[in-house]
Amino acid sequence: MTSVRVAVGPRQSRRFVQAVTDGGGEVVAVGEEPEALVWLDPRDVDGLAAALRAAPGIRWVQLPFAGVENVVSREMFDGSRVWTCAKGAYAEPVAEHALALALAGLRMLPRRIEARSWGEAAGTSLFDRPVTILGGGGITRALIALLEPFRAEVTVVRRTADPVPGARRTLPTAELAAALPGAAVVFLALALSPATTGIIGREELALMEPGAWLVNVARGRHVQTDALVEALASGGIAGAALDVTDPEPLPDGHPLWGMENCIVTPHTADTLEMTQPLLAARVRENVARFVAGRDLVGVVDPLAGY
Ligand code: GLV
């Protein structure tokens with residue numbers, strides 16, 4: 001089996017050089033005619049574009065994030081090479097965070113953490129309750145597994161109506177309105193695309209139960225922030241737990257910071273400490289597959305945008 005020439009950028013981190021080598025690749029610089037590129041900085045899209053211009057022989061690019069909207073919006077998927085992202089790789093820690101946020105919300109923990117006196121009994125249980133998850137990818141599958149002990153009745157809403165294992169029902173996005181009433185928690189775990197930007201707005205929030213929590217571990221721009229602030233202020237929904245916001249970072253003084261029914265974590269469902277070993281395992285696996293001419297894991301569908 002011949003080795004393949006793989007560049008690692010924008011910097012050659014030791015962990016990823018090792019992962020490429022372990023997968024059977026040879027690490028080379030961008031100027032040394034690589035056939036593949038492992039790109040490690042999700043924010044440096046200009047650097048990625050420059051690397052691709054400098055090395056037109058790159059046939060495969062591995063991206064570091066699960067969500068690839070920054071790359072899609074730059075129209076970089078021109079069909080000349082295969083792109084893979086980290087989709088699925090971080091699903092477990094992100095699903096864990098989503099569950100933690102949901103339980104904290106349903107049990108009214110933000111209010112109790114602030115409390116300095118005994119107060120009223122409050123909180124609801126997740127056991128045997130309906131929940132709705134938007135998105136049919138890796139996070140949803142990991143979350144369904146975590147929800148199983150709660151016997152939660154899961155409805156999944158996704159682009160296609162292909163059933164997701166473990167879900168009571170799977171609906172296409174066009175039927176989102178049918179999935180919101182009755183849910184104790186609405187989880188957002190879907191990719192950001194033009195079709196899903198602002199998917200939760202005033203109308204959708206109005207369909208949710210007054211006792212329901214919205215949990216977003218996907219992208220801030222899935223939710224129309226002004227509509228959410230209104231729903232939280234008026235008691236239209238019980239609360240929102242957001243690992244992602246629009247704008248992001250959420251600026252100091254933003255109305256969401258002052259709301260006792262809103263939990264904000266700073267896009268830390270999957271911290272660098274959690275993701276780096278998982279991404280290294282994905283890189284090792286994909287380099288080994290590329291060397292062997294096998295299908296890669298996490299291939300991006302340019303039309304779907306994830
Ligand atoms: C994180 O937000 C990711 O897309 O992997």
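Rules used throughout
Residues numbered from 1 in each chain as written. Predicted model: local features only at pLDDT ≥ 70, side-chain atom pairs only at ≥ 80, totals over all residues. Heavy atoms only, no water. Helix = DSSP H or I, 4+ residues; strand = E, 2+ residues; numbered from the N terminus. Buried < 20%, exposed > 50% of the residue type's maximum accessible area, 1.4 Å probe, protein only. Lys, Arg positive; Asp, Glu negative; His and termini not counted. Salt bridge = Lys/Arg side-chain N within 4 Å of Asp/Glu carboxyl O. Contact = heavy atoms within 4.5 Å. Pairing = 2+ DSSP bridges. Axes fitted to C-alpha atoms, helices over the stretch in contact; angles between N-to-C directions. Phe/Tyr/Trp six-rings, centres within 6.5 Å; stacked < 30°, edge-to-face > 60°. 1 Å grid on protein atoms, 1.4 Å probe; cavity = no way out; pocket = protein on both sides within 12 Å on 5 of 7 lines; lining within 4 Å. Points joined across faces, edges and corners; volume = space filled by probe spheres on them. Nonpolar A, V, L, I, M, F, W, Y, C, P; charged D, E, K, R; others polar. Domains from an automatic or database assignment. Buried area = accessible area lost by both parts, 1.4 Å probe. Polar contact = N/O pair within 3.5 Å; in protein donor to acceptor, adjacent residues only side chain to side chain.

Undergrad: Go over the side chain of aspartate 270, please, and point to the residues and values.
TA: Inspection of the secondary structure assignment puts aspartate 270 in the loop between strand 12 (262–264) and helix 10 (272–292). One buried charged residue, aspartate 270, forms no salt bridge at all, with the nearest opposite charge on arginine 219 at 7.1 Å. When neighbours within four sequence positions are excluded, aspartate 270 is seen to be in contact with Tyr90, Val94 and Thr275.

Undergrad: Describe the sheet that holds strand 8 (residues 169–172), with residues and values.
TA: Overall, parallel pairing links the seven strands, which are arranged 8-7-6-9-10-11-12 in an open sheet. Every interior strand has two partners, whereas the edge strands, strand 8 and strand 12, have only one. Each neighbouring strand pair of the sheet contributes to a mean axis angle of 15°, computed without reference to strand direction. By the bridge criterion, four bridges tie strand 9 (residues 185–188) to strand 10 (residues 213–216) in an arrangement that is parallel. Within the sheet, the bridge partner assigned to valine 186 lies in strand 10 and is leucine 214. The strands touched by helix 6 (residues 138–147) within the sheet are strand 6 (130–134), strand 7 (153–158) and strand 9, with strand 6 carrying the most contacts at an inclination of about 165°. Across the sheet, helix 9 (residues 225–234) is in contact with strand 10, strand 11 (239–242) and strand 12; its angle to strand 11 comes to roughly 135°.

Undergrad: Tell me what's going on with the packing of aromatic side chains, and back it up with residues and numbers.
TA: Enumeration over the complete set of coordinates arrives at three aromatic pairs. Between tryptophan 60 and phenylalanine 290, the ring centres sit 5.0 Å apart and the planes meet at 35°, which makes this aromatic pair tilted. Residue tryptophan 60 is located in strand 4 (residues 60–62), and its partner phenylalanine 290 is located in helix 10; the two are separated by 230 residues in the primary sequence. According to the relative accessible area criterion, tryptophan 60 is buried, its value standing at 0%. Judged by its relative accessible area of 15%, phenylalanine 290 falls in the buried class. A ring pair is formed by phenylalanine 77 and tryptophan 83, whose centres lie 4.8 Å apart and whose planes are at 75°; its orientation type is edge-to-face. Here phenylalanine 77 and tryptophan 83 have matching classes, each one buried.

Undergrad: Give me empty space enclosed by the protein: which residues, what numbers.
TA: Counting across every chain of the model gives one cavity of 30 Å³ or more. Space inside the largest cavity adds up to approximately 50 Å³. In the lining of the largest cavity, the residues fall into five nonpolar, four polar and one charged.

Undergrad: Give me the domain arrangement of the chain: which residues, what numbers.
TA: For the chain, the assigned domains are domain 1 (4–89 + 272–292) and domain 2 (91–264). Distance between the C-alpha centres of domain 1 and domain 2: 32 Å. Taken over both partners, the interface formed by domain 1 and domain 2 buries close to 480 Å², and the fraction arising from carbon and sulfur atoms is 56%. Of all residues in domain 1, Glu69, Gly88 and Met274 bury the most surface against domain 2, accounting for 67% of the area lost on that side. Among the ionic pairs, glutamate 69 bridges to arginine 219, the shortest N-O distance being 2.6 Å. Where domain 1 touches domain 2, the interface holds two residue pairs in polar contact (both at pLDDT 80 or more).

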